[in-house]
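Descriptive analysis of the structure
Okay, here's what each chain looks like letter by letter:
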Amino acid sequence: MSTPPAAVVVVGGGMGGLTAAWELARAGHRVTVLEAGPAPGGTVSRARVGGLVVDVGAESYALAGGTVATLIDDLGLTGATVTPRPTPAWVRHRSGAAPLPGGGWLGIPSRLGAPDLRRVIGWPGVLRAAADRVLPRRVGAGGSVGTAVRRRLGRRVLDRLVEPVIGGVYSTPPTELPLERLAPRARDALARHRTLTAAAAEIRGGAAAPGAQVAGLAGGMYTLVEALVAGVRTAGGTVRTDSPVTSLQPNGDKWVLHTRDGATPADAVVLAVPATVGGRLLDRPVEAPATGEVLLCTLVVDCPALDAAPIGTGVLVASDVREVGAKAMTHATAKWEWLAAAAGPGRHVLRLSYGRVGDGELPGVAAFPRLALHDAADLLGVALDLDALVDWRLDRWPVGGAAASGPPALPAGVAVTGGWVAGTGLAAVVGHARTTARRLDGVLGVRSATHGQGLR
Ligand SMILES: Cc1cc2nc3c(=O)[nH]c(=O)nc-3n(C[C@H](O)[C@H](O)[C@H](O)COP(=O)(O)OP(=O)(O)OC[C@H]3O[C@@H](n4cnc5c(N)ncnc54)[C@H](O)[C@@H]3O)c2cc1C
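Just so you know, these numbers come straight off a predicted model, no measurement behind them. (Residues numbered from 1 in each chain as written. Predicted model: local features only at pLDDT ≥ 70, side-chain atom pairs only at ≥ 80, totals over all residues. Heavy atoms only, no water.)

Description of the overall build of the protein
Scanning the protein for helices and strands turns up 14 helices and 20 strands. Against the 2.2 N^0.38 benchmark of 23 Å for 456 residues, the protein shows a C-alpha radius of gyration of 23 Å, consistent with a compact globule. Put simply, the protein has 456 residues, and 53% of those count as buried. In the protein, 46 positive and 36 negative side-chain charges are present, and the distance between their average locations comes to 7 Å. (Helix = DSSP H or I, 4+ residues; strand = E, 2+ residues; numbered from the N terminus. Rg over C-alpha atoms; globule rule 2.2 N^0.38 Å. Buried < 20%, exposed > 50% of the residue type's maximum accessible area, 1.4 Å probe, protein only. Lys, Arg positive; Asp, Glu negative; His and termini not counted. Charge placed at Lys NZ, Arg CZ, Asp CG, Glu CD.)

So, in structure tokens, the structure goes:
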């Protein structure tokens, strides 16, 4: 006897929620996504700036693990996949600026003899880092990434490489990123190798080329959101925007969700919202990862000197650099051919981000765009003033660091996915969402066949 479709409501239309919704809709369930904002996508978002349609949230995905690449294939978007121009990003620290050494992982170098590493940390830094090879395994074990790097590789590797990279990717200091919260693949490599450098080499799979770790989509990452929404709808599902869920109530062995438009019944619920929202809907305290906010300022400028991409695809800024407020800048038209072609010669897109988890106040909105123009000029080594500015915009995003250590105890019929439990980054979020949806599909099939048992 075939199993009747279940009504599944997904709360949150970011990448976690949409991926889970698509998987469940394809499996034959009646899926409704309820998204609070005016558009789906969450922190994958786009806008028109200076006549160009650009990503104003996530703009690339990690190739490691293959989760996003597989989703892109499954959605039929393989042909739109693009890789960044193969020039290294730079790192700016108190004593200067240099290209990021190739072959590193989270800023942890894999080749201590490489000249590009020496250029960033100098001979004293290299000699100190070599202690990693002789220190006993227990040194730096069990704490945070920051502690492990400081103890094994020294301050220069921590301050000039690991802190800027982790600050740029996770918006969090390395001391706030526990080793145990790293992705399973990274934890396995760390457990297998005595030295951090050997673990980094394994995680990078020997790839030394810059840009070899990420890819994007021609037209921007938002095309992935559009494809997922179309996929949910084609499979018979619904995506409703401007629909914040205000409560989640049990109804026998089912659920009712409330929005301002009324009640939506569900056989099962997937929560793909930030931890604070999830905890409120579940009416229980949950372990939330450290969170904060970042400001992302997108500038479109006319500056022919930037055609030469003076700092490659962008620059990560160490927190000890006083003259620049940004923590990272992406030179988007140097990074992506499709965007450079759309902009034309002499016109450039720059993305500057501000704020880290645990940082003090973010700069005030009134400081923009002058602050971003000043920082971009300093980081790029060119003159940039208001005359060069074609257009700009400012976006404010919530950010979380590592995933919570485990999902909260969940009532029957409720699953949780998204950054709260998966951690930061599309690779982690997509992989977790697909696994969660498949597990839920399996349980829903079993429940329908056996009538009314819990989903856990
Ligand atoms: C500026 C920025 C740049 C980034 N760049 C990259 C990058 O280049 N590569 C990369 O891999 N990762 C990047 N990330 C991280 C990546 O975007 C996220 O890890 C991922 O998109 C998170 O997806 P999510 O679905 O878990 O959460 P979110 O995107 O936060 O989505 C959660 C959704 O839930 C909705 N919601 C909240 N409350 C309710 C409610 N009560 N009812 C209904 N809906 C609700 C929100 O409106 C939101 O749409 C970036 C993040 C930021 C902020």
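Details of the packing of aromatic side chains
This model, assessed by the stated rule, comprises 1 aromatic pair. One Lys or Arg, R26, reaches over the ring of W22 and ends 3.9 Å from the middle of that ring. (Phe/Tyr/Trp six-rings, centres within 6.5 Å; stacked < 30°, edge-to-face > 60°. Lys NZ or Arg CZ within 6 Å of the ring centre and 35° of its normal.)

A look at the site of the ligand
Around the ligand sit 31 residues in total, of which E35, T43, S60, G419 and L426 are the nearest. Within the backbone of M15, one N or O atom sits 3.2 Å away from an oxygen atom of the ligand. When isolated, the ligand has an accessible area of 1,000 Å², and the protein chains bury 83% of it. Where the shell around the ligand is concerned, the elements lending two or more residues are α1 (15-26), β19 (389-400) and α14 (426-450). Of the residues belonging to the shell around the ligand, the class tally is 16 nonpolar, 13 polar and 2 charged. (Near = heavy atom within 4 Å. Polar contact = N/O pair within 3.5 Å; in protein donor to acceptor, adjacent residues only side chain to side chain. Areas by Shrake-Rupley, 256 points an atom, 1.4 Å probe, with all protein chains shown as cover. Nonpolar A, V, L, I, M, F, W, Y, C, P; charged D, E, K, R; others polar.)

Concerning the domain arrangement of the protein
Taken domain by domain, the protein holds domain 1 (7-44 + 221-289 + 409-450), domain 2 (82-86 + 291-400) and domain 3 (101-203). Between domain 1 and domain 2, the C-alpha centre-to-centre distance is 33 Å. (Domains from an automatic or database assignment.)

With respect to the environment of V321
Note on placement: V321 falls in the loop between β16 (314-317) and β17 (328-331). Setting aside chain neighbours within four positions, we find V321 in contact with R92, H93 and R94. (Contact = heavy atoms within 4.5 Å.)

Observations regarding the pattern of salt bridges
When the charged atoms of two side chains with opposite charge come close together, those side chains can pair. In the structure shown here, the tally under the stated rule is 18 salt bridges. When the shortest N-O distance is used, the salt bridge between E337 and R85 registers 3.2 Å. On the criterion of sequence distance, the pair formed by E337 in helix α11 (residues 337-343) and R85 in the loop between β6 (81-82) and β7 (90-93) is long-range, its members being 252 residues apart. By relative accessible area, R85 is classed as partly exposed at 27%. The closest approach of N and O atoms between R192 and E202, which form a salt bridge, is 2.4 Å. Taken as a pair, R192 in helix α6 (residues 184-192) and E202 in helix α7 (residues 196-204) lie far apart in primary sequence, 10 residues in all. For R192, a relative accessible area of 51% translates into the label exposed. (Salt bridge = Lys/Arg side-chain N within 4 Å of Asp/Glu carboxyl O.)

Focus: the sheet that holds strand β20 (residues 414-416)
What the 5 strands build is an open sheet, ordered β10-β2-β1-β14-β20; its pairing is parallel. Strands with a single pairing partner mark the edges of an open sheet, and in this sheet they are β10 (238-240) and β20. Taken pair by pair, the neighbouring strands of this sheet meet at an average axis angle of 20°, ignoring direction. With 3 bridges connecting them, strand β14 (residues 268-271) and β20 associate as parallel partners. (Pairing = 2+ DSSP bridges. Axes fitted to C-alpha atoms, helices over the stretch in contact; angles between N-to-C directions.)

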